[in-house]
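The chain contents come next:
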Amino acid sequence: MGNRLLYAALVVAGLVTLAPFGWTLLSSLSDGGVPGWPLDPSLGAYGDLLRAIPFWRVLLNSVVVAAVSTGLQVLTSSMAAYGFARLDFPLKDAVFVVYLATLMVPMQVLVVPLFIEMRTFDLVDTYAGLLAPTVASAFGVFFLRQAVRQVPRELDEAAVMDGAGHVRVFASVVLPLIRPALATFTIFAFMASWNAFLWPLVILRSPEFMTLPLGLATLQGQFTTRWDVVMAGSVVSVLPILVVYVLAQRHVIASVARTGLK
Amino acid sequence: MSRGLKALSAFALVAVLAAGCAKGSATRESAPEGTSNIKYFTFSAAPDHLADLDKIVKAFEAANPSITVTVETAPFTDYFTKLQTAIAGQTAPDAFELNYENFVSYADAGALRDLGDQTAGDDLSAYAPRSLQTFGRNGKQYALPESYSAVLLFYNKDLFDKAKLAYPTADWTWDDELAAARKLTGGEVYGDFQPVQFFEFYKALAQAGGSFFGPDGKQAAFNGPQGVAAAEFLLAKPGKVMPTVAQIGGTPDYDTNLFKKGRLAMWHNGVWQFAGLKDVPFGWDVVVEPASTKASAVFQNAVAVSATTKNAAAAYKWLRFLTSSEVAATTRVASSWELPPLADAKAYAGYFEQTPPANRKAVLDAVASATAEPVIARQQELQDIVTKALEQAAAGKAPVQKALDDAAAKVNELTKSG
Amino acid sequence: MSETTSPARALDEPAAAGRARPAAAVRAAGRRTAGARLRKAGTVVLFLAPSAVPLVLFTLVPMVGSLWVSLHEWNLIGAMRWVGLGNYAALLRDGDAWRALGNTVLYIAGYLPLVYVGGLGLALALNRVTRGRDLFRGVYFLPVVTSWVVVALIWKWLLNPSEGIVNKILALLGIDGPGWWTSDTWALPSVIIASAWKDLGFVMVILLAGLQAVPGDVLEAARVDGAGAWRRFRHIVLPLLSPSTFFVLVISCISGFQVFDQVYVMTSGGPAAAASEVAVERVYDLTFRYGRVGDASALSWVLFLVILLVTVVQVRLQRRWVDYG
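Reading the values: the criteria
Residues numbered from 1 in each chain as written. Chains lettered and ligands numbered in written order. Predicted model: local features only at pLDDT ≥ 70, side-chain atom pairs only at ≥ 80, totals over all residues. UniProt positions renumbered as here; feature names shortened; annotations may be inferred. Helix = DSSP H or I, 4+ residues; strand = E, 2+ residues; numbered from the N terminus. Contact = placed C-beta atoms within 7 Å. Buried ≥ 20, exposed ≤ 12 C-beta atoms within 10 Å, placed from the backbone. Nonpolar A, V, L, I, M, F, W, Y, C, P; charged D, E, K, R; others polar. Pairing = 2+ DSSP bridges. Core = buried A, V, L, I, M, F, W, Y, C linked by C-beta atoms within 7 Å. Domains from an automatic or database assignment. Axes fitted to C-alpha atoms, helices over the stretch in contact; angles between N-to-C directions. Parallel < 35°, antiparallel > 145°, perpendicular 65-115°, else oblique. Left-handed = near helix turned anticlockwise from the far one by under 90°.

An unreviewed UniProt entry lists chain C under the name Sugar ABC transporter permease, with Microbispora corallina as the source organism. Per UniProt, chain C has the following entry under Subcellular location (unreviewed entry): "Cell membrane".

Labelled according to an unreviewed UniProt entry, chain A appears under the name Sugar ABC transporter permease, originating from Microbispora corallina. As stated in UniProt under Sequence similarities (unreviewed entry), the record for chain A gives "Belongs to the binding-protein-dependent transport system permease family." Taken from UniProt, the Subcellular location (unreviewed entry) comment for chain A reads in full: "Cell membrane".

Novice: Quick rundown of the overall build of chain A? Include the residues and the values.
Specialist: What chain A contains, in helices and strands, is 13 helices and 0 strands. Its C-alpha atoms give chain A principal-axis dimensions of roughly 70 × 65 × 30 Å. At a minimum sequence separation of 6, the contacts of chain A that also span at least 24 residues come to 79%.

Novice: Which residues make up the overall build of chain C, and what are the values?
Specialist: Looking only at helices and strands, chain C has 14 helices and 2 strands in total. Burial analysis of chain C (325 residues in total) assigns 45% to the buried set. Look at the contacts in chain C between residues 6 or more apart in sequence, and 72% of them connect residues 24 or more apart.

Novice: Can you break down the interface of chain C and chain A residue by residue, with the values?
Specialist: Listed per partner, the contact involves 71 residues of chain C and 72 residues of chain A. Residue assignment for the side of chain C that touches chain A shows that the elements contributing at least two residues are helix H3 (34–69), helix H5 (95–128), helix H6 (133–145), helix H7 (148–158), helix H9 (187–211), helix H11 (229–257), helix H13 (279–289) and helix H14 (293–317) of chain C. Looking at which element gives the most residues to the side of chain C that touches chain A, the answer is H3 of chain C, with 17 residues.

Novice: I'd like a description of unusual backbone geometry, backed by residues and values.
Specialist: Here the bond from threonine 355 of chain B into proline 356 of chain B is cis, since omega is -10°, no more than 30 degrees from zero. In this fold, proline 356 of chain B is placed in the loop between helix H15 (350–353) and helix H16 (362–368). The omega torsion of the bond from proline 356 of chain B to proline 357 of chain B falls at -5°, within 30 degrees of zero and hence cis. By the secondary structure assignment, proline 357 of chain B is in the loop between H15 and H16. Positioned with a positive phi, leucine 76 of chain C is a non-glycine residue whose angle comes to about 75°. Tracing the backbone through its elements, the reader meets leucine 76 of chain C in the loop between strand S1 (72–73) and strand S2 (81–82). At tryptophan 180 of chain C, a position not held by glycine, the phi torsion is positive, near 45°. Structurally, tryptophan 180 of chain C is set in the loop between helix H8 (165–172) and H9.

Novice: I'd like to hear about the interface of chain C and chain B, residue by residue, with values.
Specialist: Each partner contributes residues to the interface: chain C has 22 residues there, and chain B has 22 residues. Sorting the residues of the side of chain C that touches chain B by element identifies H7 and H13 of chain C as the ones contributing at least two each. It is H7 of chain C that contributes the most residues to the side of chain C that touches chain B, 4 residues altogether. When grouped by side-chain class, the residues that make up the side of chain C that touches chain B number 12 nonpolar, 7 polar and 3 charged.

Novice: Can you break down the UniProt feature "domain: ABC transmembrane type-1" (unreviewed entry) in chain A residue by residue, with the values?
Specialist: Annotation from UniProt places "domain: ABC transmembrane type-1" (unreviewed entry) at residues 59–248 of chain A. Taken end to end, residues 59–248 of chain A has its terminal C-alpha atoms 21 Å apart, with 75% of it in helix and 0% in strand.

Novice: Before we move on, can you summarise the UniProt feature "transmembrane region" (unreviewed entry) in chain A with the specific residues and values?
Specialist: Per the UniProt record, "transmembrane region" (unreviewed entry) is found at residues 5–26, 58–82, 94–116, 128–148, 169–191 and 229–248 of chain A. Segment residues 229–248 of chain A splits into 100% helix and 0% strand. End C-alpha atoms: 30 Å apart.

Novice: Any chance you could break down the pairing of strand S6 (residues 144–156) of chain B for me, citing the residues and the numbers?
Specialist: In summary, the side chains of a regular strand alternate between the two faces of the sheet. Residues and elements named next belong to chain B. With 13 of its 13 residues buried, S6 lies for the most part within the structure. Of the strand pairs in this sheet, S6 and strand S9 (residues 298–305) are connected by 6 bridges, and their pairing is antiparallel. By the bridge assignment, serine 149 is partnered in S9 with phenylalanine 299. Relative to strand S7 (residues 266–270), S6 runs antiparallel, the two being bridged by 5 bridges. Each residue of the ladder has a partner; that of tyrosine 155, found in S7, is methionine 266. Pairing between S6 and strand S8 (residues 284–287): 4 bridges, direction antiparallel.

Novice: Report on the nonpolar core, specifying residues and quantitative values.
Specialist: Core analysis: the largest hydrophobic core is formed by 256 residues, its most contacted members being Ala95, Ala143, Leu152, Ala304 and Trp318 of chain B. For this core, the leading source of residues is H9 of chain C, giving 17 residues. Here this core gathers at least three residues from each of two domains, domain 1 (34–148 + 299–353) and domain 2 (150–298 + 364–417) of chain B. Setting aside anything within four residues of it in sequence, one finds tryptophan 318 of chain B in contact with Ile38, Tyr40, Phe60, Ile67, Val69 and Ala95 of chain B.

Novice: Give me helix H10 (residues 225–235) of chain B: which residues, what numbers.
Specialist: Within H10 of chain B the residues assigned to the buried category are Gly227, Val228, Ala230, Ala231, Phe233 and Leu234 of chain B. Packed against the buried residues of H10 of chain B are helix H8 (174–184), helix H9 (198–207), helix H17 (379–394) and helix H18 (400–417) of chain B.

Novice: Let's hear about the environment of alanine 136 of chain A: which residues, and what values?
Specialist: Residue position: alanine 136 of chain A is located in the loop between helix H6 (127–131) and helix H7 (138–150). Note: C-alpha distance between alanine 136 of chain A and glutamine 73 of chain A (63 residues apart in sequence) is 5.2 Å. With residues near it in sequence (within four places) discarded, alanine 136 of chain A still touches Gln73, Thr76 and Ser77 of chain A together with Ser51, Pro54 and Leu55 of chain C.

Novice: I'd like to hear about the packing of H17 of chain B against H18 of chain B, residue by residue, with values.
Specialist: All names here are of chain B. Packing of H17 against H18 brings their axes to within 9 Å, and their N-to-C directions diverge by 165°. On the basis of their axis angle, the class for H17 and H18 is roughly antiparallel. Every pair of crossing elements has a handedness; the one defined by H17 and H18 is right-handed. Facing Glu381, Leu382, Ile385, Val386, Ala389, Gln392 and Ala393 of H17, the residues of H18 in contact are Val400, Ala403, Leu404, Asp406, Ala407, Lys410, Val411 and Leu414. Partitioned by chemical class, the residues of the contact of H17 with H18 number 11 nonpolar, 1 polar and 3 charged.

Novice: Pulling in residues and values, what's your account of the packing of helix H2 (residues 50–63) of chain B against helix H14 (residues 326–334) of chain B?
Specialist: All names here are of chain B. At their nearest, the axes of H2 and H14 sit 10 Å apart, and the two run at 165° to each other. When the interaxial angle is binned, H2 and H14 end up roughly antiparallel. As H2 runs across H14, the sense of the crossing is right-handed. Taken together, the residues of H14 that come into contact with H2 (itself represented by Asp52, Lys55, Ile56 and Ala59) are Val327, Ala328 and Thr331. Taken together, the residues of the contact of H2 with H14 sort by class into 4 nonpolar, 1 polar and 2 charged.

What follows is the structure, encoded as structure tokens:
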């Protein structure tokens, strides 16, 4: 019935959402970053980008940092999510509110005390100092806790009857069942780490540690900026997230189909 | 898991942790016995002058084998966030760059080392005396002048020719400028471009014969008749001879692109634009800004030594070299990287021989009529208050006089408490 | 459970409420020994410590640090000066700070319904189509990853008072469009529209993950029973989505109170900057531009208490409508 209408609406919405990214792409191909008419596309800005910053090194740093940070967050968050959803312990709810509270003070004001703390640990200008605040995520704990709570308890209770401990139930019953949520959280965690700016800016000092957002920021001069190069940079920086997104989304559907549970 | 596998993964974990905790090159303590390593933090080198700075560093290290310099850069917009955090965390670089707007708050906060020990036996006559004075405070020298740049009136000769108008001269007044701007505006072309904000306002105020603060240097005086005249001069442009804020829409480098496309006849901007305009397909030149009382904005950068450094003597040596050596001066001139603040203009004569613009000497006119920028410890708040007041007036939310009066009251609060 | 339960207590109620445990588990609980209790505590520590330790070290400790800073006058580059509660007293009289807090609340009030309804619409529509679903998902997610700098530029252009396409369309309809981001009244709505548009994909992804949990056979059974589309949506889909909805609500409020980037790029430095300033924008200015870190920290702690209050209320109310199945 309204299927054709639905598609038409989806396409229109798609065009509207595509426009800014399209503009970014177009600007990156135009001299001076201002698309003119007739179009005169050139890849010059991409070449300049490779020369303006040690691009491959910066990209590698960002990929490694984001991957490590995402892996750690998914691990620590899913464990805590299981703890909150399936274990009983005193003051559980209060503890959970404290977890949530860690999301409630703006990073802008935490940066300075955190930096001073890192200095006392002698972690200024190290990967450890960069990664430490991103090991755990209350956002992830909350998101995955909601998912774990939707897993029917009968399933893990059956496993417990078979003699499985909590670690086994977590690893072989719950984790496979919350894969859509894990995949979704992976996207968010990767994105947060990939785009992080303020903390890397203050904690990193050496050029060889530079991550992509810091590298792209250096393209802006005090008075003038090569906008085509900046735009080329933002096109390039979006691509890895899209790859992670597409892979993760595939996984959401595939896992649902495979378990046949939902 | 087998024991071997466990041992292996434990080893891998330790290795990863060790690698993760390794310091980067900018912060590693690596100076061998008898040498010292200076960490220098700068904003003006990135992104275009990194190679030029490197050249100066190499020359310095060759002349001073016992000192090495490690450069750390950040873009201007993020530089002070990073520097402040580093100072708060007691990891300040040995030496760093400051613009004049920030110099006063850093000096007053005790973040800068008094250079008295070093300057005592040193001959500083190479510097332009006024530049040197700018970075002294309460009788102490807290920084060395590093570079300066000036704001001029840029104009598109072709557009003036087409409108059959005479080019702007050093004798022009505001009225001449506005009259020409009105004649030049039309079709795709705008006659003039001057942003409505603090930096234009304090200069226009001086051009109108007013001063920002009263004789005590604390009581705001910019809301007098000269202040109103200055604000009205700035507000006469948007929507008439230049695009409005809405039209600009936050587009980056809007004015630069407008001028480069030959759609802007007159443009108030700085000498830092020279390099970017080298290849435009029309004739252009510069002249000192029109005004009956000549007053120009000259921006200065300086370099200072951190109050907490352990390498004060070596850091000072580096700063002296960076600011006054011949290598530094010629490198700056050759790459159009702001001007060295030296007493003897011969040191950078080459700068004035380059064209375009033909009238580079206008920079010296601007310097001769430089007006002192009002700078207080709480500078950023001061600038935001004045800019907001001008925007209020521009949007018609308050009459000019009232907007300036309100701003003056707020500024008085700042100088009282800071 | 009694009405006097603490807000925090209410958190886990739906899950804890009367589930039958297998007999074996009940017996096991009966002969609890010290050793078993210890092992149980060990399990809890095992699951929570990996996240709890970093959160305490790298978030709670700096939070306490910022509380300490809020009792001082400090500009980062000089010495700290103890002022006790002086910054909080000054905050009470600071009209700019209160307006910023008020704007933040207005922002959430406008943003939340827009982004939830829009995200839900996209998620439901995508759940229905089969052809090109992956492509659409990717396209709708693009704004989430596009940088705010570009998004702001485009929206300021679309919402340009004189030349923007939105006002041109309004003019065709005979409506005199507002000044959008240049106007004191319309600056905040402009930011809300742009933010909701950008975050649609984010909400969509969360709700899609939730929609996967809606069993197809239940919907099919309802259809066979003759339930209309609206009833299926209202009585089956919405309740099953309630855990995801609860998550979106709580997280959007927490992050909405800390809205910064979009306001900073869309209106700061513009004609309506003061009228649309939000709380964290002020925190940022106070910290890094004005050198008033004590004031910034005090404002942040007031903001923290507001967010905490709102979150606790949401958590208390969840048992009335969230269904964990």
